[in-house]
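# Per-entry structural report
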Amino acid sequence: MSAWAQTVTGRALEYEEPVFTAEHLFTEIGHGLSLIARFAGQTDIAYSVAQHSVLMAESALDETGDGELAAHCLLHDGHEALVGDRPRPMAEAVAQEARIRCAARFASQAAAAVVVAVFQDAEARVKARLDAAIWQAAGLDEPTSRIAALVKSYDLRALATEKRDLMRPAPRPWNERIEASPPLRLRQGRIRPWPPAIAEERFAAALTALCPDAAKAAGRTLSEGAA
């Protein structure tokens, strides 16, 4: 029996062959992301993955006018509604611990590296299947290499902006790519965390505007995107 999870709508989501409808983008993805805190909640006020995604999408659209890029920015963390948001330092710590333990067990750094790579690849494949199902429901093609690279760039810029606006002074430098990234061009000055209900509403409104065919299939309109 394949691994599955019960979603907020009460259905079973199969990780091996995930399926989403357009409506699920609103009721499961947007809703879930609005309740997941970035940085494992280590900010003074909870800051959701949904808000992170909306701010990325708005910045991309304002700077480039590219609706497809903005839509992919909005949905780039969609899989986290089903797997959670594991902070990058935690992922690095787990990989490091796995390498140490595997090297001790197999007496080979090379074998340890292979085992860790297999598990990292497995996790990436699960996320990729979720992403593909989400893109299909949204009416989006798989991102081109250009769009994928731009999404990563906006993600780094969002992280740099969040560090500036949400975190206390850092006790040591962050990753050099983050430190070197310019902040997002926000529509309203600095980041102010939204409550979950507002984050879900803003995510739904952005999804309705950027993926109109999916919104239509879900029975949503621009004026009632969050209804």
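Read on for an overview of the structure. (Residues numbered from 1 in each chain as written. Predicted model: local features only at pLDDT ≥ 70, side-chain atom pairs only at ≥ 80, totals over all residues. Heavy atoms only, no water.)

## Concerning the overall build of the protein
Our working rule: A helix here means a DSSP run of H or I that spans at least four residues, while a strand means a run of E at least two residues long, and both kinds are numbered starting from the N terminus. Only C-alpha atoms enter the radius of gyration; for comparison, a globular chain is expected to reach 2.2 Å times N to the power 0.38, where N is the number of residues. Contacts between residues were defined by any pair of non-hydrogen atoms, one from each residue, lying within 4.5 Å.
If you tally the helices and strands in the protein, you get ten helices and two strands. Secondary structure elements in the protein, listed N-terminal to C-terminal, are β-β-α-α-α-α-α-α-α-α-α-α. A compact globule built from 227 residues would reach a C-alpha radius of gyration of about 17 Å, and the protein, at 18 Å, matches this within 12%. Here the C-alpha coordinates of the protein stretch approximately 60 × 50 × 35 Å along the principal axes. Contacts spanning at least 24 positions in sequence make up 66% of the contacts within the protein whose residues lie at least 6 apart.

## Notes on the packing of helix α2 (residues 49-64) against helix α3 (residues 67-75)
Stated formally: Every axis corresponds to a line fitted to the C-alpha atoms, with the helix fit spanning only the stretch in contact, and the corresponding angles, defined between N-to-C directions, vary from 0 to 180 degrees. Oblique is the label for any angle not covered by the other classes, which are roughly parallel (under 35 degrees), roughly antiparallel (over 145) and roughly perpendicular (65 to 115). Note: crossing handedness is left-handed where the near helix turns anticlockwise from the far helix by less than a right angle, and right-handed where it turns clockwise. Residue polarity follows a fixed list, in which Ala, Val, Leu, Ile, Met, Phe, Trp, Tyr, Cys and Pro are nonpolar, Asp, Glu, Lys and Arg are charged, and the others, Gly among them, are polar.
α3 packs onto α2 with a crossing angle of 165 degrees between their chain directions and a minimal axis gap of 7 Å. It follows from the interaxial angle that α2 and α3 lie roughly antiparallel. In terms of crossing hand, the pair formed by α2 and α3 is right-handed. Touching S53, V54, M56, A57, A60, L61 and T64 of α2 are G67, L69, A70, C73 and L74, all from α3. Among the residues forming the contact of α2 with α3, the class breakdown is nine nonpolar, three polar and no charged.

## Remarks on unusual backbone geometry
Rules: Between buried and exposed lies partly exposed: a residue is buried under 20% and exposed over 50% of the maximum accessible area for its type, with that area taken using a 1.4 Å probe on protein chains only.
Look at F39: it is not a glycine, yet its phi comes out positive at around 60 degrees. Along the chain, F39 falls in the loop between α1 (22-34) and α2. Classification of F39 by relative accessible area gives buried; the value is 15%. One non-glycine residue, A40, adopts positive backbone phi at about 55 degrees. Note that A40 resides in the loop between α1 and α2.

## Examining the side chain of H24
On the secondary structure map, H24 appears in helix α1. Classification of H24 as buried rests on a relative accessible area of 14%. For H24, the contacting residues outside a window of four places in its chain are T9, R11, V19 and I29.

## Some remarks on the environment of V115
Its location among the elements puts V115 in helix α6 (residues 109-138). Ignoring any residue separated from it by four or fewer positions in sequence, one finds V115 in contact with C102 and F106.

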